[in-house]
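These are the residues of each chain, in order.
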Amino acid sequence: MIGLFGTLDLASNSLSVQEEAMEVTGQNLANVNTTGYTRQQLEVQAATPLQTPIGQEGTGVEATGISQATDALLNSQIQAENSVTGSLTAQQTALQNTETSLNEQISNTSTGTASPSGITADLANLFGSFQSLSTDPSNLTDRQSLVANAQQLATEFNQVSSSLGSVNTQLNQSIQNDVTSSNQDLTQIASLNQQIIEAQGDGGSANDLEDEREQAIENLSNYVNVTATAQSNGGVNIGIGGVTMVSGGTATDSLETYDAGGGQLQIQAQNAGTHLTLSSGSIEGDITVRDGALATLQTSVNTLASQLITQVNGIYSSGYDLNGNTGADFFTGTDASNIGVNSALANDPGAVQASGTAGATGDNSVALKLAQLANTNIPGLSNQTFSQSWAQTVGDLGYTVSEVNQQVTNSASANQMLSNQRQSVSGVSIDQEMTNLMQYEKSYEASAQIVTSLNQMLQTIVDMDDT
């Protein structure tokens, strides 16, 4: 038998365990609104029993540790979905900035139509001016209007080209910023690993540190796709693109950018010197748009401007102005970045070469051919007209934006579903914790009553000894 004093120890231990359980419950309640906090619970087991002539006799309860209500699979799923969301959100932002640069009302279908603004409207105005001039080739007002509309179109091309270049620069800067933030997360994870390994090595737990580390890993997963591998010592190794970045308490490598040509930044592991092919995360999202939709759009804009310069000048240079001069070009430059209008025309609209015959001011043949370019299928534009080609370009961008918007919505829903699942497993329920608190309180009171009863019994024994 454990006797009165053994029973007193049993009750005393029970008091300590119930008190510790209430402390853990209090910690949970205190952090009910703390982002990333994982519900904790006191792990208890029956104390080692005492062998007696009548069999094993229990010696009470003992606490064995404080555990977290975690689901490693859910955590890894959330990390993966974070990376997907990070990529899609980055693509969405980049595409929206690209869309704004066009100064067009872009439709959301691949057939695409654009509002009468930007290059769409300016192309229509240019060819409309050629048409008006063809009806009265010597009209100076029509000539002035033609030059003004051509200058507006050239300026619009220049502005679109510059704006798209700015988007490209912004994406490179965003990539650099995300690399810096990723390296900070890697350093933090390594430091937390070291603290957790030391704490668990001493036989303790590091639940709050583990919560902090999980938050750092999930934050990192917004930037890049992460492979997190738990170790037996409590550490978590981090890999990115097949390269180990954190091993235990050491950040073994880091990310860095390098110029892949033309100022377009790519990512590599700094120490390993290995190019990293990222599959998700905001860095991958920025690179995807920069080297995909944005690059395609820049090429399309430059091709459109180049073909316009070539086709218009090819017809125009053979014409004659009101003074019989010929051989000049209407447009200058080579693409959207530097297209312009022959400066001589701004001061002298009579220099517009609209006639097909020297001295024949009423001849409209060149102006008419230029007007007919509006409906001509251009081989260099996939046998589309200028307007059709541009409508296809902006329509394709609109379709891409629409697709990414839908994917962002879907990914956000998946993230929310996973978060809700984790909350049901790891989150703090006030109702449940209050129920636990009352249970521990009742258990504490019961254990205290045992102590009181034992004290009375011991006092009885002492009184018997005195008599």
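Residues numbered from 1 in each chain as written. Predicted model: local features only at pLDDT ≥ 70, side-chain atom pairs only at ≥ 80, totals over all residues. Heavy atoms only, no water.

*Asks:* How should I be thinking about the environment of Ile461 in this particular structure?
*Replies:* In this structure, Ile461 sits in helix α10 (residues 430-466). For Ile461, a relative accessible area of 36% gives the class partly exposed. Here the alpha-carbon distance between Ile461 and Ala11, two residues 450 residues apart in the chain, equals 19 Å. (Helix = DSSP H or I, 4+ residues; strand = E, 2+ residues; numbered from the N terminus. Buried < 20%, exposed > 50% of the residue type's maximum accessible area, 1.4 Å probe, protein only.)

*Asks:* Help me out: how do you make sense of the layout of surface pockets in this one?
*Replies:* Regions of empty space are outlined by a rolling probe, equal in size to a water molecule, passed over the atoms. Its volume calculated, the largest pocket comes out at about 860 Å³. In terms of lining residues, the largest pocket is bounded by 38 residues, among which Thr38, Asn75, Glu214, Glu218 and Arg422 are the most central. Going through the elements one at a time, α2 (72-102), α5 (207-223), β5 (226-230) and α9 (386-426) are the ones with two or more residues in the lining of the largest pocket. The biggest single contributor to the lining of the largest pocket is α5, with nine residues. Counted by class, the lining of the largest pocket contains eight nonpolar, 23 polar and seven charged residues. Approximately 270 Å³ is the volume found for the second largest pocket. Lining the second largest pocket are 16 residues, with Thr296, Leu297, Ser300, Thr393 and Asp396 sitting closest to its centre. Counting only elements with at least two residues in the lining of the second largest pocket, the list comes to α6 (282-316) and α9. Looking at the lining of the second largest pocket residue by residue, the class counts come to four nonpolar, eleven polar and one charged. (1 Å grid on protein atoms, 1.4 Å probe; cavity = no way out; pocket = protein on both sides within 12 Å on 5 of 7 lines; lining within 4 Å. Points joined across faces, edges and corners; volume = space filled by probe spheres on them. Nonpolar A, V, L, I, M, F, W, Y, C, P; charged D, E, K, R; others polar.)

*Asks:* How should I be thinking about the packing of aromatic side chains in this particular structure?
*Replies:* Think of a pair of aromatic rings as described by two things: how far the centres are apart, and how the planes are tilted against each other in angle. Scanning the model with the defined rule gives five aromatic pairs in all. Relative to Phe130, the ring of Phe127 lies with its centre 6.3 Å away and its plane at 50°, an arrangement referred to as tilted. Here Phe127 and its partner Phe130 are both found in helix α3 (residues 118-135), three residues apart, which amounts to about one turn of the helix. Accessibility classification places Phe127 together with Phe130 in one group, the buried group. Centre to centre, the rings of Phe127 and Phe386 are 5.7 Å apart; their planes meet at 25°, and the pair counts as stacked. Residue Phe127 is found in helix α3, and its partner Phe386 is found in helix α9; the two are separated by 259 residues along the sequence. A single burial state applies to Phe127 and to Phe386, both of which are buried. Here the aromatic residues Phe127, Phe130, Tyr316, Phe330, Phe331 and Phe386 are joined through ring pairs into a cluster of three or more. (Phe/Tyr/Trp six-rings, centres within 6.5 Å; stacked < 30°, edge-to-face > 60°.)

*Asks:* Quick question: what am I supposed to make of the nonpolar core here?
*Replies:* Across soluble globular proteins, nonpolar side chains have a tendency to be buried as a group. Core analysis: the largest hydrophobic core is formed by 55 residues, its most contacted members being Phe157, Leu308, Phe330 and Phe331. Put simply, the parts of the chain that give this core at least two residues each are α2, α3, α4 (140-201), α6, α8 (365-372) and α9. For this core, the leading source of residues is α6, giving eleven residues. Excluding anything up to four places from it in sequence, Leu308 contacts Leu123, Leu126, Phe127, Leu153, Phe157, Asn313, Phe331, Ile339 and Phe386. Formed by 24 residues, the second largest nonpolar core is a distinct cluster that contains Leu186, Ile189, Ile217 and Val226. (Core = buried A, V, L, I, M, F, W, Y, C linked by side-chain atoms within 4.5 Å. Contact = heavy atoms within 4.5 Å.)

*Asks:* Can you walk me through the environment of Leu186 in this structure?
*Replies:* Within the secondary structure, Leu186 sits in helix α4. Looking at Leu186, the relative accessible area reads 1%, which means it is buried. Here the alpha-carbon distance between Leu186 and Val147, two residues 39 residues apart in the chain, equals 58 Å. Non-local contacts of Leu186, meaning those with residues more than four positions away in its chain, are made with Leu220, Ile238, Ile240, Met245, Val246, Ala251, Asp253 and Ser254.

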